[in-house]
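Architecture and fold: a report
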Amino acid sequence: MRKAIGIRIETATDKDTARLTQLYRKLYKGDEDQRFFKSNAVANYFKSGSRVFVARDGNCIEGFIWVVYYEHIKNKGIGIIEELYIDDKYRKKGIGKRLVSKAIEYLKKRDVLVVIVTTSPHMINAKRFYKAVGFKVSREWFYYSLSRIKQQ
Ligand SMILES: CC(C)(COP(=O)(O)OP(=O)(O)OC[C@H]1O[C@@H](n2cnc3c(N)ncnc32)[C@H](O)[C@@H]1OP(=O)(O)O)[C@@H](O)C(=O)NCCC(=O)NCCS
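Predicted model only: the values in this text are computed from it and were never measured. (Residues numbered from 1 in each chain as written. Predicted model: local features only at pLDDT ≥ 70, side-chain atom pairs only at ≥ 80, totals over all residues.)

1. Things to note about the pairing of strand β5 (residues 112-116)
For clarity, the threshold we go by: Two strands pair under a simple rule: DSSP has to find at least two bridges between them. Counting from the N terminus, the helices are DSSP H or I runs at least four residues long and the strands are E runs at least two residues long. We call a crossover right-handed when, viewed with the strands running away from us, the connection from the first strand over the helix to the second turns clockwise.
Relative to β5, strand β4 (residues 77-86) runs parallel, the two being bridged by four bridges. When the sheet's bridge partners are listed, G79 is paired in β5 with V115. Viewed along the sheet, the connection from β4 through helix α4 (residues 95-108) into β5 turns out right-handed.

See the structure below:
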């Protein structure tokens, strides 16, 4: 794996919204009909409890991670990786791993005990990535679907 030299990991600001929106659209390419795709999800990135870290090459953002934490029970906080995306040409250079480390460092300071991320069964690369950066697979995940998609 070739390391990316000169990439800076920084906290995003609302000045980054346009570029984050571009990357977000690449991430959800093919899902353009989804309601959230047209919503201002990117603006929600900057709400309380949310943090976005970006990987910058010069002035351009080439990847981002969006994390959220919940303080619902004292000392039992949960951190969630909501989105992680690295632009194609910048993959396999250690940037995703650096963004995840930065997110974990941020969540640790908030007494988060567990960081979770969900992937779909078809996201083989994402699953390999999360295993490679130290995540374990949980088989104890209950859900109640409200989607109109037929439950399997
Ligand atoms: C998944 C993704 C974030 C990985 O980012 P990346 O910057 O290429 O990953 P890194 O270079 O930091 O790789 C870190 C580790 O994961 C492994 N890895 C990364 N991509 C992999 C792949 N496609 N297949 C197998 N392993 C992979 C690397 O080999 C590396 O392992 P190592 O530390 O043992 O050498 C990136 O491919 C991406 O944006 N994909 C599309 C969006 C997506 O799937 N997001 C995650 C879902 S929330």
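2. Describing the pairing of strand β3 (residues 60-70)
Cut-off, in case you're wondering: Here exposure depends only on C-beta density: within 10 Å of a residue's C-beta, 20 or more other C-beta atoms make it buried, 12 or fewer make it exposed, and intermediate numbers make it partly exposed, the C-beta atoms being placed from the backbone.
A large share of β3 lies buried, amounting to eight of its 11 residues. Two elements, strand β2 (residues 50-57) and β3, share eight bridges in a ladder whose sense is antiparallel. Looking across to β3, one finds that S50 is bridged to V68. Between β2 and the antiparallel strand that follows it, β3, lie two residues; G58 among them carries a positive phi value of about 65 degrees. For β3 and β4, the ladder comprises eight bridges, and the chain directions are antiparallel. Within β4, the position partnered with W66 by the bridge is E83.

3. Digging into the site of the ligand
Stated precisely, the cut-off is as follows: Using the backbone to place each C-beta atom, any residue with that atom within 6 Å of a molecule or strand is considered near it. Each residue gets one label: Ala, Val, Leu, Ile, Met, Phe, Trp, Tyr, Cys and Pro are nonpolar, Asp, Glu, Lys and Arg are charged, and the others, such as Gly, are polar.
Close to the ligand lie 22 residues; R91, G96, K97, N125 and A132 are nearest. Among the elements of the structure, β4, α4 and α5 (124-132) are those that each provide at least two residues to the shell around the ligand. Of all the elements, α5 adds the most residues to the shell around the ligand, at five residues. Looking at the shell around the ligand residue by residue, the class counts come to 12 nonpolar, four polar and six charged.

4. So, unusual backbone geometry
Look at K92: it is not a glycine, yet its phi comes out positive at around 60 degrees. We note that D111 has phi near 60 degrees; this positive angle belongs to a residue other than glycine. For D111, the location among the structural elements is in the loop between α4 and β5.

5. As for the environment of A4
Applicable threshold: Think of it this way: build a C-beta for each residue from its backbone, and any pair within 7 Å is a contact.
The topology assignment puts A4 in the segment before β1 (7-11). A residue is classified by how many C-beta atoms lie within 10 Å of it, and A4, with 18 of them, is partly exposed. As for A4 and D57, which are separated by 53 residues in sequence, their C-alpha atoms are 9.1 Å apart. Discounting residues that sit within four places of it in the chain, A4 has contacts with Y90, K93, G94 and I95.

6. Topic: the nonpolar core
Heads up, the condition is: The nonpolar core criterion groups buried Ala, Val, Leu, Ile, Met, Phe, Trp, Tyr and Cys residues into a set whenever they are joined through C-beta atoms within 7 Å.
Core analysis: the largest hydrophobic core is formed by 22 residues, its most contacted members being F53, F64, I65, L99 and A103. The set of elements that each furnish at least two residues to this core consists of α1 (17-27), β2, β3, β4 and α4. Broken down by element, this core gets its largest block of residues, six residues, from β3. Contact partners of F64, with chain neighbours within four places excluded, come to A12, L20, L23, V52, F53, V54 and Y85.

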